[in-house]
Amino acid sequence: MKNQISKYLLIALIVIFTILLATLIYIKFFNNNKNDEYALLTEKAEGEVKYLDYTIIELMNKLNNISYSRYQVTIKEVNESEQQNNSSGNSESAGNGMQIQDGSTNQQGSESKENGSGSNDNNSNNSESESLNQSEARTSRLAQVDSLLNSNYDDVPWDEISYGVETIYTAWPSISLDMKALNINDSDISNFSTTLDGIAQAVKVQDKNSALINLYNLYLLLPKYLSYFSSNEYTLNVYNTKAYVLSSYVSANSENWEDMNTNITNAINTLSKNMESTDLKDIEKSTIEKSYALLEELKRGIGLEDKEIFYLKYKLAMEQLEIL
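These figures come from a predicted structure and were not determined experimentally. (Residues numbered from 1 in each chain as written. Predicted model: local features only at pLDDT ≥ 70, side-chain atom pairs only at ≥ 80, totals over all residues. Heavy atoms only, no water.)

(A) Molecular detail of a nonpolar patch on the surface. Judged by side-chain polarity, Leu149, Leu312 and Leu316 come together as a nonpolar surface patch covering roughly 220 Å² of accessible area. Structurally, Leu149 can be placed in the loop between strand 2 (138-144) and helix 6 (158-181). (Patch = residues over 30% accessible without salt bridge, like charges linked within 9 Å, V, L, I, M, F, W, Y side chains within 5 Å. Areas by Shrake-Rupley, 256 points an atom, 1.4 Å probe, with all protein chains shown as cover. Salt bridge = Lys/Arg side-chain N within 4 Å of Asp/Glu carboxyl O. Helix = DSSP H or I, 4+ residues; strand = E, 2+ residues; numbered from the N terminus.)

Shown next as structure tokens:
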């Protein structure tokens, strides 16, 4: 009797152990899958923040015709008079050809049937020539971008900016869902939508100052989003550094030199935290040092209280910060 009880007890213990082991394996497998999904979502969200970072800064730069490109492709319409000159030249050539043909009318008469049979081919060739002429109505060339020292800051490319704002509207629904999945505060997400509407309204009425301010406020949300799911202090410092530089850039529109100086000082202090890191490779350290030097140069330029020189040094500093 005792042997039977011991046997049943042993079987029961084995069953319980097996159930516990299976449960632990399932929990571990489930947690691993969950961690993998979170890691993938985090990586995707970081890419989305980078996209917003690039797009917002580009739109802010366009408001003052600032571009990192040294050259741009321009499309030029061919003048109608040039087309007419080419046409008249072709007509003269055709006239000379007719004089030659008149001297051999008999030969033309004998070949009239052959010419008639080839009229369809001539028509197709003519249509191809017309298409070619239409494509040649435009010509492109590589032109140097205007210097910021002599740029027309009032000539804002509002159509390009409008298109850029629309691309953010298109991308935001998908991005906002990812931010919600990462437990970002609902008010921070709704603030993005509200600020984006403010940008659209400013662009619609072509209010440059309002567009700058709203775009800057939109950018401020990016480091806040990152802080929810990223513990990378290096990356957060870069975003906060750029936020300070952009704040100075916005203040330049109203020539508030004191605020500009304060913001660049904060940018320098924030970036200097990355210079203290011991995990940097030589090339990363060199890039940060160059960014730091350009920010110092930007701060010195503010002392001149010259907006054009500030924009030039801002462009150089921000272009370098984009590499970090």
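More follows now that the structure is in view.
(B) Region of the structure containing the packing of aromatic side chains. What the rule picks out here adds up to eight aromatic pairs. Ring plane angle 50° and centroid distance 5.0 Å describe the contact between Tyr153 and Tyr311, whose orientation is recorded as tilted. Placement of Tyr153 in the loop between strand 2 and helix 6 and of Tyr311 in helix 12 (residues 307-321) is noted, with a sequence separation of 158 residues between them. Classification of Tyr311 by relative accessible area gives buried; the value is 0%. Three or more aromatic residues joined by ring pairs make a cluster, and in this case those are Tyr153, Tyr249, Phe310, Tyr311 and Tyr314. Looking at Lys242, its charged tip hangs above the ring of Tyr239, at a distance of 5.2 Å from the centre. (Phe/Tyr/Trp six-rings, centres within 6.5 Å; stacked < 30°, edge-to-face > 60°. Buried < 20%, exposed > 50% of the residue type's maximum accessible area, 1.4 Å probe, protein only. Lys NZ or Arg CZ within 6 Å of the ring centre and 35° of its normal.)

(C) Layout of helix 10 (residues 257-275). For helix 10, with 19 residues, the first-to-last C-alpha span of 27 Å sits near the 27 Å given by 1.5 Å per residue. For helix 10, the complete set of buried residues consists of Trp257, Met260, Asn263, Ile264, Ala267, Ile268, Thr270, Leu271, Ser272 and Asn274. (Expected span 1.5 Å × (residues − 1).)

(D) Just the packing of helix 9 (residues 233-252) against helix 12, in detail. The interhelical angle for the contact between helix 9 and helix 12, taken along N-to-C directions, is 165°, at an axis separation of 11 Å. As far as their axial angle goes, helix 12 and helix 9 are roughly antiparallel. Both helix 9 and helix 12 take part in a crossing whose hand is left-handed. On helix 12, the residues touching Val238, Thr241, Lys242, Val245, Leu246, Ser248, Tyr249 and Ala252 of helix 9 are Lys307, Phe310, Tyr311, Tyr314, Met318 and Leu321. Per-class residue counts for the contact of helix 9 with helix 12 are 10 nonpolar, two polar and two charged. (Axes fitted to C-alpha atoms, helices over the stretch in contact; angles between N-to-C directions. Parallel < 35°, antiparallel > 145°, perpendicular 65-115°, else oblique. Left-handed = near helix turned anticlockwise from the far one by under 90°. Contact = heavy atoms within 4.5 Å. Nonpolar A, V, L, I, M, F, W, Y, C, P; charged D, E, K, R; others polar.)

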